[in-house]
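Architecture at a glance
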Amino acid sequence: MKKLGFVEARHLISRTGFGAEWNEIKRLERMPRDKAIDFLMNRRDTTLPAVPDFSHWRKMSALNKDMRRRRMVMRIAKVEGPKLQDWWLKHMLETQSPFLERMTLFWHNYFPSSIKKTKIPSLLINQNRLLRKHALGNFSLMLHSVAKDPAMLVYLDGYKNTKDAPNENFARELLELFTVGRRHFSERDVQEATRAFTGWGIHPQSGQFFFDRKAHDASVKTFMGKRGNFTGEQIINILLKHPRTAETVVEKLWGEFINSSRPKSAVVRHWANVLRSSNYNIAVLMKTILNSPHFWHHQNRGNLVKSPVELAVGTLRSLPYT
């Protein structure tokens, strides 16, 4: 196996982390490519900064239900929101496993949420931990977990979805952004999936996922050509079996790690097959991507625009600072 030169080591570090850190580049220089990739993927820094004090869901939910006190929720969010951002930025700057954190950021963008909509930082920090837990784990488990995540239930109004008042927001995003993508589902599919997810909510006391059977539509549904008394979990499983779900993941990873242009269909199909055949093991797919000729091709080096967060964190990590 070819050993990495300085330029190759810099490319690998820059693309899988936040910046071209000199010590990290020198660490990988002259290391065999596959060994270097394994080294980066196996580094798991589980040490997180101390978590700030955040208002509990029970308090924020009660305030939000009171019209006269609803503004207090926004005031609390404006104070606690920056604390959440500082907490994550501190970890990005100090983590000993930048690749894991880069993947956490990728999944945060894949499954978007915001303080502006959720207004409850305590839910968002739990979501952040969830994404980090599955960042190089299993996409199937992550998708199921995110679907029941309280922050996502608030962000996409899933907790408002009942048989008497269906809300399509989560079902539509699940189909369009998280799995099969546009042109691969119908409006009927959105409506039927919505019915399957009715009753998914948040326990008023614990702030954890809660299934309300009384609010669930238990009638027969027709979804993606299949008919049955589907639950939300079964809808997700149907989507995971659809070829386009793995392809959607692959296409977004291509844009994150290879090139901003559209990948060739043959590459998408091959990598998607790697993901499906590994039972949606993200680490297996990432090893395939990082070992691929596409990742190392000279035309795919230095061609991605960093986000403001990546640029700021990468610059600070690349410079000696205290």
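Summary of the structure given here. Sequence order sets the numbering: in each chain, residues are counted from 1 along the sequence as written. Local features in this predicted model are restricted to residues of pLDDT 70 or higher, and side-chain atom pairs are both shown and tallied only at a pLDDT of 80 or more, whereas totals for entire chains, interfaces and linings draw on every residue. Just so you know, side-chain values use all the structure's heavy atoms and leave hydrogens and water out.

Focus: helix α6 (residues 98-110)
Operational definition: Where helices and strands are cited, they refer to DSSP runs of H or I of at least four residues and of E of at least two residues respectively, numbered from the N terminus. Take the number of residues in a helix, subtract one, and multiply by 1.5 Å to get its expected span. Type-normalised accessible area, obtained with a 1.4 Å probe on protein chains alone, sets the label of each residue: buried when under 20%, exposed when over 50%, and partly exposed for intermediate values.
For α6, with 13 residues, the first-to-last C-alpha span of 18 Å sits near the 18 Å given by 1.5 Å per residue. Those residues of α6 that sit buried are Pro98, Phe99, Leu100, Glu101, Arg102, Met103, Thr104, Leu105, Phe106, Trp107 and Tyr110.

Brief notes about the side chain of Thr198
Counted only if it meets this: N or O atoms closer than or at 3.5 Å make up a polar contact, with two conditions inside protein: a donor-capable atom paired with an acceptor-capable one, and, for residues adjacent in sequence, both atoms drawn from side chains. We call two residues in contact whenever any of their non-hydrogen atoms come within 4.5 Å of each other.
Residue placement: Thr198 occurs in the loop between α12 (187-196) and β1 (200-202). A polar atom in the side chain of Thr198 sits 2.7 Å from the backbone nitrogen of Asp217. With residues up to four places along the chain from it excluded, the contact list for Thr198 reads Asn161, Thr162, Lys163, Phe211, Ala215, His216 and Asp217.

Quick word on the packing of aromatic side chains
What counts, and what does not: Centres within 6.5 Å make a pair out of two Phe, Tyr or Trp rings, where for Trp the six-membered ring is used; the pair is then stacked when the planes are under 30 degrees apart, edge-to-face when over 60, and tilted otherwise. Either the NZ atom of lysine or the CZ atom of arginine qualifies as a charge over a ring when it sits within 6 Å of the ring centre and within 35 degrees of the ring normal.
Taken as a whole and judged by the stated rule, the model has 18 aromatic pairs. Judged by centre distance (6.0 Å) and plane angle (80°), the ring pair of Tyr110 and Phe139 falls under edge-to-face. Here Tyr110 is found in helix α6, whereas its partner Phe139 is found in helix α9 (residues 139-147), with 29 residues between them in sequence. The same class applies to Tyr110 as to Phe139, namely buried. Aromatic side chains Phe111 and Phe178 sit 4.9 Å apart centroid to centroid with 65° between the ring planes, which places their arrangement in the edge-to-face category. Taken together, the residues Phe111 in the loop between α6 and α7 (115-118) and Phe178 in helix α11 (residues 169-178) connect sequence positions 67 residues apart. Residues Phe111 and Phe178 agree in their burial class; the two are buried. One aromatic cluster in this structure is built from Phe106, Trp107, Tyr110, Phe111, Phe139, Phe178 and Tyr280. When the ring centre of Trp296 is taken as reference, the NZ or CZ atom of Arg33 above it lies at 4.3 Å. Above the plane of the ring of Tyr110 lies Lys252, whose end atom (NZ or CZ) is 4.3 Å from the centre.

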